Structures are given as C-alpha cells and as structure tokens.
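Spelled out from the first residue to the last, the chains are:
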Amino acid sequence: MTDTLSADTLPEGWSLRHPTLDDVPAILAVAHASDIAAVGAPDFSTEDVLEALTGPYVDPAKDSWVALDPDGAIVAWAFIENGAGGPREFVEVYVDPARGAAARRTLLMLALARVPQRAAELGHPRITARAGAIPTETEYIALLKEVGFTFIKRYARMLIELPVSLPQELPEGVEIRTITRDDLPVFHRVFDTAFRDTPDYQPAPLDVFLQRYVDSAEVRWDEWFLATVDGEPAGVLQSSDQALDQNEGWVKHLAVLKEHRRRGVGQALLARAFGVYASKGRTLAGLGVDLANPTEAVRLYHAVGMHAKYEADIFELPAED
C-alpha cells in the first residue's frame with residue numbers, strides 16, 4: 001500500500017486532508033460523538049487531541065488525516081500513535097456516527113499504508129499495528145478483521161466516585177511526596193524499570209518521556225507522586241488532565257518496582273491521588289488498565305473500589321515481511 005491522500009473511495013463531494021492545530025475543536029467534537037455512540041459519554045479531551053498531533057514521533061502532516069463532508073465539516077479523524085518510537089504502532093479511527101461513517105475504511109487504509117513507511121523512518125525492519133474497539137462497535141470490528149486484524153486482549157476503563165474512604169495511614173517504611181521537575185530523572189527511572197516486566201511496554205528515554213508528558217502539557221505537580229520505602233524510590237503515580245472536562249482526576253500511570261509490590265505502596269499512591277483530586281472538587285477518578293497485565297494490576301483497582309466503566313478490545317495486524 002502507498003500513502004496517497006486520495007478521496008476516491010469517499011462519497012461524492014467529500015475530501016481528505018491532514019489536520020492542523022486549528023482543527024482541534026472540530027476533531028474533539030468528532031471524538032466526542034464517537035465516544036457517546038460507543039460508551040454513552042465523551043471520553044476524549046483536548047489534551048488527548050493535542051498529544052495525538054504534537055507528541056513524540058508524530059508528524060500531523062504525515063501521520064494524521066481528517067475527512068470532510070461536502071459542507072467542509074470535519075466528520076472523521078484518524079491518527080497513528082507511537083509515543084516511544086518502538087516497533088508497535090496504535091492506529092485510531094474516530095468517526096461521527098451520524099455523518100462520518102463513510103470515511104472509516106478510507107482513513108483506516110491511509111493509516112495502515114503509512115505504518116511501513118514509518119517503520120523505515122524509525123529504523124525498524126517492521127512495525128506491528130494495533131487498533132482498539134468497544135465490543136459494541138461491530139462495524140468497525142468487522143472492518144478490522146476484514147483487513148487482517150485479530151483480537152489479542154482487552155483493556156478496562158476504570159472509574160470511582162469521589163470522595164472515597166481509603167486508609168490514610170501509610171504502610172511501615174513507606175513515605176509519599178509530590179515531586180518537582182528536578183525529581184523527573186528518578187521518577188522516570190522508577191517508571192521505566194517497573195514497566196519493563198509488562199509485555200507491551202515500549203521503553204523510551206527520559207528526553208522522550210519529557211517531550212510526551214511534560215513539555216507539551218500543563219503539569220499539575222501536586223498530582224504527581226513519588227513513594228519511597230525505607231528512603232529508597234519504590235513507586236510513582238503520574239496524573240494528567242485528560243478527563244478534567246468530566247470533572248475527573250486521571251491516573252495516567254501507576255508503577256511500583258517489583259521488589260516493593262504487595263506491600264501497600266500502590267494503594268497508598270492511589271489514596272493520596274484520590275484525596276488530592278477530591279480536595280479540588282473533582283467528583284470522579286479514573287484510569288485505564290490492561291486486563292492481561294501479568295502484575296494483575298486490576299486486582300488493586302477493584303480492591304480500592306474502582307469498577308469498569310467500559311471495556312475495549314485490542315486487535316493486532318502482524319507486520320509485513
């Protein structure tokens with residue numbers, strides 16, 4: 001496949017182009033329409049759109065596309081995400097179900113055509129593509145299977161109402177504090193080390209981590225935490241604003257070093273984060289979890305009272321030789 005920006009497969013009068021930052025509000029409206037149809041409520045934020053268009057290893061002039069109807073309105077959007085620059089890409093296609101469904105196949109094929117080109121640019125002999133879908137998105141799932149994707153696992157989008165009553169007394173030897181930018185090398189080291197025993201983790205150096213999560217976003221440092229055990233770094237919790245428009249605190253990442261797991265460090269980090277979110281008037285807290293994670297992180301989230309708002313299936317398209 002070649003990456004040609006062609007509207008030949010779209011209805012008459014429709015067009016395609018690459019997005020710019022001026023398109024963020026229109027793209028967000030499409031994502032919200034897609035979310036509402038799939039899960040009953042918006043679940044994408046301005047921060048998510050900006051990350052998709054400006055994050056590491058992404059060029060919106062090559063790696064993102066919008067479809068416009070005959071009136072010139074953006075009705076569908078696709079992009080490729082690979083924040084670590086690793087050998088696995090995530091392809092996303094959002095359509096306004098009332099107006100943009102006719103663009104779904106075209107956008108998916110444009111994204112898949114771009115994947116092998118990006119493999120060469122990123123220095124990988126090949127790249128595997130993944131895509132996600134809510135189980136009720138039957139038409140999209142059928143399309144994914146038609147072009148060769150197969151189901152591999154499921155994610156859950158977890159939620160809890162705030163305030164929540166969790167033990168505030170820390171386990172013996174555990175301390176938790178907020179961080180500053182000066183702490184980011186230690187924060188990243190714990191994050192990177194802890195995630196290396198999960199099968200889908202794609203390591204990224206500190207400078208890429210900073211570009212993706214710090215330099216291109218508003219950071220609320222009082223919502224990022226470092227846990228220590230007997231004075232040694234043991235766990236981290238990173239928050240973001242990606243669900244703030246739903247008055248929801250968002251746990252972007254929670255990581256505990258293997259030697260410190262099963263000691264209450266993760267629960268203590270969640271309790272601290274939930275307390276800070278609630279003190280700011282937020283009524284919900286959420287996060288995403290890989291249900292196939294061998295650390296069984298979902299058990300912790302159930303233990304603190306979280307439940308699955310919805311689940312999403314992950315599909316994979318093997319790389320071409």
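Calculation rules
- In every chain, residue numbers begin from 1 and rise along the written sequence.
- Local features in this predicted model are restricted to residues of pLDDT 70 or higher, and side-chain atom pairs are both shown and tallied only at a pLDDT of 80 or more, whereas totals for entire chains, interfaces and linings draw on every residue.
- The basis for the side-chain values is all heavy atoms of the structure; hydrogens and waters are excluded.
- Within this document, salt bridges are pairs made up of a side-chain nitrogen of Lys or Arg and a carboxyl oxygen of Asp or Glu, the two lying within 4 Å of each other.
- For the purposes of this entry, the term helix denotes a DSSP run of H or I that reaches at least four residues, the term strand denotes a run of E that reaches at least two, and both are numbered from the N terminus.
- Any residue under 20% of the maximum accessible area for its type is buried, any over 50% is exposed, and the rest in between are partly exposed; the area is computed with a 1.4 Å probe on protein chains only.
- Here a polar contact means two N or O atoms within 3.5 Å. Within protein one must be a hydrogen donor candidate and the other an acceptor candidate, and residues neighboring in sequence count only if both atoms are side-chain atoms.
- Nonpolar cores were defined as sets of buried Ala, Val, Leu, Ile, Met, Phe, Trp, Tyr and Cys residues, with membership established by side-chain atoms within 4.5 Å.
- The criterion used for residue contact is that any of the two residues' heavy atoms lie within 4.5 Å.
- UniProt positions are given in the numbering used here, feature names are shortened, and annotations may be inferred rather than shown by experiment.
- The distinction between a cavity and a pocket rests on a 1 Å grid over the protein atoms alone: a 1.4 Å probe fits inside a cavity but cannot get out, while a pocket stays open yet meets protein on both sides within 12 Å along at least five of seven lines, and a residue with an atom within 4 Å of a point counts as lining.
- Grid points are joined across faces, edges and corners, and a volume is the space filled by probe spheres set on the points.

Draft legend 1. Geometry of the pattern of salt bridges. One pass over the full model with this rule turns up 30 salt bridges. A salt bridge links Lys-153 to Asp-290, with the shortest nitrogen-to-oxygen separation between them at 2.6 Å. Note that Lys-153 is positioned in strand S6 (residues 150–161) and Asp-290 in strand S11 (residues 284–290), a separation of 137 residues in sequence. As far as the burial class goes, Lys-153 and Asp-290 line up, both buried. Salt bridges here are not isolated pairs; linked through shared partners, they connect Asp-63, Glu-89, Arg-114, Arg-118 and Glu-121.

Draft legend 2. Main features of the side chain of Asn-293. If you trace the backbone, Asn-293 turns up in the loop between S11 and helix H9 (297–303). For Asn-293, a relative accessible area of 14% translates into the label buried. Within the structure, the side chain of Asn-293 is placed 2.7 Å from the side chain of Thr-295, a separation counted as a polar contact.

Draft legend 3. Inspection of the nonpolar core at higher detail. Ranked by size, the top nonpolar core spans 32 residues in total, and within it Leu-237, Leu-269, Leu-270, Phe-274 and Tyr-301 carry the most contacts. For this core, the secondary-structure elements that each account for two or more residues are S6, strand S7 (174–178), strand S8 (225–229), strand S9 (232–240), strand S10 (248–256), helix H8 (265–279), S11 and H9. When near neighbours in sequence (up to four residues on either side) are disregarded, Leu-237 contacts Phe-187, Glu-223, Trp-224, Phe-225, Val-251, His-253, Leu-254, Leu-269, Leu-270, Ala-273 and Tyr-277. Val-91, Leu-107, Leu-110 and Ile-127 belong to the second largest nonpolar core, which has 31 residues in total.

Draft legend 4. Region of the structure containing the side chain of Glu-248. In this fold, Glu-248 is placed in strand S10. A distance of 3.3 Å separates the side chain of Glu-248 from the backbone nitrogen of Gly-286, its partner in a polar contact. Filtering out sequence-adjacent residues up to four positions away, Glu-248 remains in contact with Arg-157, Leu-159, Ala-243, Arg-282, Leu-284, Ala-285 and Gly-286.

Draft legend 5. Broad picture of the UniProt feature "domain: N-acetyltransferase" (unreviewed entry) in the protein chain. Under the local residue numbering, the UniProt record ascribes the feature "domain: N-acetyltransferase" (unreviewed entry) to residues 174–320. For residues 174–320, the end-to-end C-alpha separation is 48 Å, with 30% helix and 31% strand making up the annotated structure.

Draft legend 6. Fine view of empty space enclosed by the protein. This model, assessed by the stated rule, comprises two cavities of 30 Å³ or more. The volume enclosed by the largest cavity comes to roughly 60 Å³. Looking at the largest cavity, the residues that line it are Glu-51, Ala-52, Gly-55, Pro-56, Val-58, Ile-80, Glu-81, Asn-82, Gly-83 and Arg-212. Those elements that place two or more of their residues in the lining of the largest cavity are helix H2 (46–54) and strand S3 (74–81).

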